[in-house]
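Each chain, letter by letter, is given below.
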Amino acid sequence: MHQPLTYEVNGDAIREERMQAGLTQTELARRADITPRYVSHLENGTRRHMGPKTYRRLRKALNATDERLRLTPPRPTEDPPHPAERE
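Criteria and cut-off values
- Residues numbered from 1 in each chain as written.
- Predicted model: local features only at pLDDT ≥ 70, side-chain atom pairs only at ≥ 80, totals over all residues.
- Heavy atoms only, no water.
- Axes fitted to C-alpha atoms, helices over the stretch in contact; angles between N-to-C directions.
- Helix = DSSP H or I, 4+ residues; strand = E, 2+ residues; numbered from the N terminus.
- Parallel < 35°, antiparallel > 145°, perpendicular 65-115°, else oblique.
- Left-handed = near helix turned anticlockwise from the far one by under 90°.
- Contact = heavy atoms within 4.5 Å.
- Nonpolar A, V, L, I, M, F, W, Y, C, P; charged D, E, K, R; others polar.
- Salt bridge = Lys/Arg side-chain N within 4 Å of Asp/Glu carboxyl O.
- Buried < 20%, exposed > 50% of the residue type's maximum accessible area, 1.4 Å probe, protein only.

Here the focus is the packing of helix α2 (residues 25–32) against helix α4 (residues 52–62). α4 packs onto α2 with a crossing angle of 120° between their chain directions and a minimal axis gap of 8 Å. It follows that α2 is oblique to α4 by the angle criterion. Considering how the two elements wind past one another, α2 and α4 form a crossing that is right-handed. Here α2 contributes Leu-28, Arg-31 and Ala-32 to the contact with α4, which in turn contributes Arg-57, Leu-58, Ala-61 and Leu-62. Of the residues that constitute the contact of α2 with α4, the class distribution is five nonpolar, no polar and two charged.

What follows is the structure, given as structure tokens:
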């Protein structure tokens, strides 16, 4: 089963990084080329998964690390093969 690659992000860390940078949600949204509403949803936990392009823009706009912003490693694009199928 194929699933798109997504990143699970830490909304509290996004908010903290934004505030440390002295940015409003609107300013961060503009820098990351996303909407202020999307930033709000990320920060309050309504949205927790982001596509790779959007995630990279957000990370760059915040000048933050993956370790700081992500909760878990990215989900794979497909389920790993069953052990019997690898042989």
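What follows deals with the pattern of salt bridges. Enumeration over the complete set of coordinates arrives at eight salt bridges. A salt bridge links Arg-59 to Asp-66; the shortest N-O distance between them is 2.7 Å. By relative accessible area, Arg-59 is classed as partly exposed at 24%. Overall, the relative accessible area of 24% leaves Asp-66 in the partly exposed class. Linked by salt bridges that have partners in common, Asp-12, Arg-15, Arg-18 and Glu-43 make up one network.

Of note, the phi angle at Asp-33 is positive, near 55°, even though the residue is not glycine. The phi dihedral of Asn-63 is positive, around 55°, even though this residue is not glycine. With respect to the helices, strands and loops of the structure, Asn-63 is situated in the loop between α4 and α5 (66–69).

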